[in-house]
Amino acid sequence: LDAYKTVKITNMALVFGVSVPFLDKELAHFISQGRLTAKIDKVDLVVETTRPDSRSAHYQNIIKQGDHLLNQIQKLARCVSI
């Protein structure tokens, strides 16, 4: 079963029975909070899903863990130098 990669906001609003501005606002909210992986093409009024590959997700996880480790080391260094 394959999901749609793109969908027109006008068609989506019609199916859900809401206005285009309302749907645009809601989609933007979900995208900004990371609850929906997509981007909105405001010129063509199209929503395009962005599916991150596992390599990219793994890379982001490593960066996050590295940042956390650096923060912990900095805190430890402040305690030791006192």
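Anything mentioned here points back to the structure above.
Residues numbered from 1 in each chain as written. Predicted model: local features only at pLDDT ≥ 70, side-chain atom pairs only at ≥ 80, totals over all residues. Heavy atoms only, no water.

> What am I meant to see in the overall build of the protein here?
A count of helical and extended segments in the protein gives 3 helices and 3 strands. Moving toward the C terminus, one meets the helices and strands of the protein in the order β-α-α-β-β-α. In terms of overall size, the protein is more extended than a compact globule, its C-alpha atoms giving a radius of gyration of 20 Å where 82 residues would be expected to give roughly 12 Å. Taken along its principal axes, the extent of the C-alpha atoms in the protein is 65 × 30 × 20 Å. Looking at the protein as a whole, 11% of its 82 residues qualify as buried. Across the protein, the fraction of contacts at a sequence separation of at least 24, relative to all contacts at a separation of at least 6, is 38%. Accessible surface, the protein: about 7,100 Å² in total, of which carbon and sulfur atoms supply 60%. (Helix = DSSP H or I, 4+ residues; strand = E, 2+ residues; numbered from the N terminus. Rg over C-alpha atoms; globule rule 2.2 N^0.38 Å. Buried < 20%, exposed > 50% of the residue type's maximum accessible area, 1.4 Å probe, protein only. Contact = heavy atoms within 4.5 Å. Areas by Shrake-Rupley, 256 points an atom, 1.4 Å probe, with all protein chains shown as cover.)

> Even after reading the chapter, I still don't get unusual backbone geometry, so can you show me in this structure?
In this structure, leucine 45 takes a positive phi of about 50 degrees despite not being glycine. By the secondary structure assignment, leucine 45 is in the loop between β2 (38-41) and β3 (46-49). Classification of leucine 45 by relative accessible area gives partly exposed; the value is 30%.

Fair warning: the whole summary comes from geometry, so function is off the table for now.
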